[in-house]
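# Chain and residue survey
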Amino acid sequence: MLENKEMRAVYCETMIELAGKNKKIVMLEADLMSSTGTKEFKKVYPKRLINVGIAEQNMIGVAAGLAACGKLPFVHSFTPFATRRCYDQIAISVAYAKQNVKIVGTDPGIMATNNGGTHMSLEDVGIMRAMPTMSVFEPVDSVMLRKLLPEVVKYDKPMYIRLFRKKTESVFDENTKFSLTKAIDLKKGKDVTIIASGIMVARAIEASYILEGRGYSVGVLSVHMIKPIDEEAIVKAAKRSGAIVTAENHNVIGGLGSAVAEVISENAPVPMKRVGVKDRFGEVGNEKYLSEIMGLTVDDIVNAAEEVIVKKK
């Protein structure tokens, strides 16, 4: 089932509410207000949204200055422009200086679709995860986004937020309780655990049903905070099931799969398989086509799970 509202609409509505309670919140845009969905914020708080134009490096510098003056800046652009285009500015002006800037990258991974390879960042989690003092958050659906944005505002550290803009599949209901830094055990399994992030969580759940139909006991762990990652939950899942599959809308190098591999190799070594993009750039295509050629389908998760189960035996 699809959410009634696009993620960007929920983001903007929630930020308007939060800005009403916290006068430190300001927004910076790189001439993408329509894409990000922040036009309504500009209408409500015309003096608290600054459009710097297509000048992302400068936007980061302005945001760092605002943070140093006591503001809480949220900056926005498409994922490759919010991260790799201004990586050094983020490193020095934000991370090294420990300025509380929230960097929102939209259209993560293959969700850039027809914008093609130039707009398809498949390495953003990896480079931002490698940045000292930086945290990395990827909300799964609109319910999670709405409920955790207040925690993001309270989180007094630089953060990269990987935000899917449009409608996404519902995973959580309004009764779900969230913690910003804790993964969510959606299912517990004895044969394999699928650890997923972002759009891949819904696919992991679907894969688990297929695998259960084949007689396997399958766990699903949803990870929304990729750094700092919930090591305790990952170790518990590894020890409980004895086999791990990760699924991410990102390169298998440097992202969720790498983070999970680091944890289990040091704490609970078990057979593991990473489902994700295999070290390549993106291309033009719709979501279905890109999922298939990049290896991000439900079937890819199912096949990986059966492989690690065999390795375990």
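Attention in this report is confined to the structure presented alongside it. (Residues numbered from 1 in each chain as written. Predicted model: local features only at pLDDT ≥ 70, side-chain atom pairs only at ≥ 80, totals over all residues. Heavy atoms only, no water.)

## Thoughts on the sheet that holds strand S6 (residues 159-163)
Quick note on the threshold: Criterion used throughout: strands pair if DSSP finds at least two bridges between them. Helix numbers and strand numbers start at the N terminus; a helix is a DSSP run of H or I with at least 4 residues, a strand a run of E with at least 2. For every element, the axis is a line fit to its C-alpha atoms; helices are fit only across the contacting stretch, and the angle between N-to-C directions ranges from 0 to 180 degrees. Contacts are assigned to residue pairs with any non-hydrogen atoms lying within 4.5 Å of each other.
Spatial strand order, S2-S1-S3-S4-S6-S5-S10: 7 strands in an open sheet with mixed pairing. The sheet is open, and its two edges are formed by strand S2 (49-51) and strand S10 (225-227), each paired on a single side. Ignoring which end each strand starts from, the neighbouring axes of this sheet average 20 degrees apart. In this sheet, S2 lies alongside strand S1 (residues 25-29) in parallel orientation, the contact comprising 3 bridges. Along S2, the bridge assignment pairs Leu-28 with Ile-50. The strands touched by helix H1 (residues 7-21) within the sheet are S1, strand S3 (72-78), strand S4 (102-106) and S6, with S1 carrying the most contacts at an inclination of about 145 degrees.

## What to know about the nonpolar core
Put simply, the rule is: Nine residue types can take part in a nonpolar core, namely buried Ala, Val, Leu, Ile, Met, Phe, Trp, Tyr and Cys, and a core is a set of them joined through side-chain atoms within 4.5 Å. Exposure categories follow from relative accessible area, calculated using a 1.4 Å probe and restricted to protein chains: below 20% of the type maximum is buried, above 50% is exposed, and the middle band is partly exposed.
Ranked by internal contacts, the top residues of the largest apolar core, which has 68 residues, are Tyr-11, Met-15, Ile-25, Phe-41 and Phe-74. Filtering out sequence-adjacent residues up to four positions away, Phe-74 remains in contact with Tyr-11, Met-15, Ile-25, Val-26, Met-27, Leu-28, Lys-102, Val-104, Val-152, Val-153 and Ile-161. In terms of nonpolar packing, the next biggest core, distinct from the first, is built from 24 residues, Met-59, Val-94, Val-125 and Met-134 among them.

## Details of the environment of Pro-158
Tracing the backbone through its elements, the reader meets Pro-158 in the loop between helix H8 (142-154) and S6. Once the C-alpha coordinates of Pro-158 and Asp-173 are considered, the two residues, 15 residues apart in sequence, prove to be 28 Å apart.

## Describing the pairing of S3
Burial runs high along S3: 7 of the 7 residues are buried. Where S1 meets S3, 5 bridges bridge the pair, whose relative direction is parallel. Residue pairing across strands places Ile-25 opposite Leu-72, the latter belonging to S3. Sheet analysis places S3 next to S4, joined by 5 bridges and oriented parallel. If you follow Ser-77 over to S4, its bridge partner there is Gly-105.

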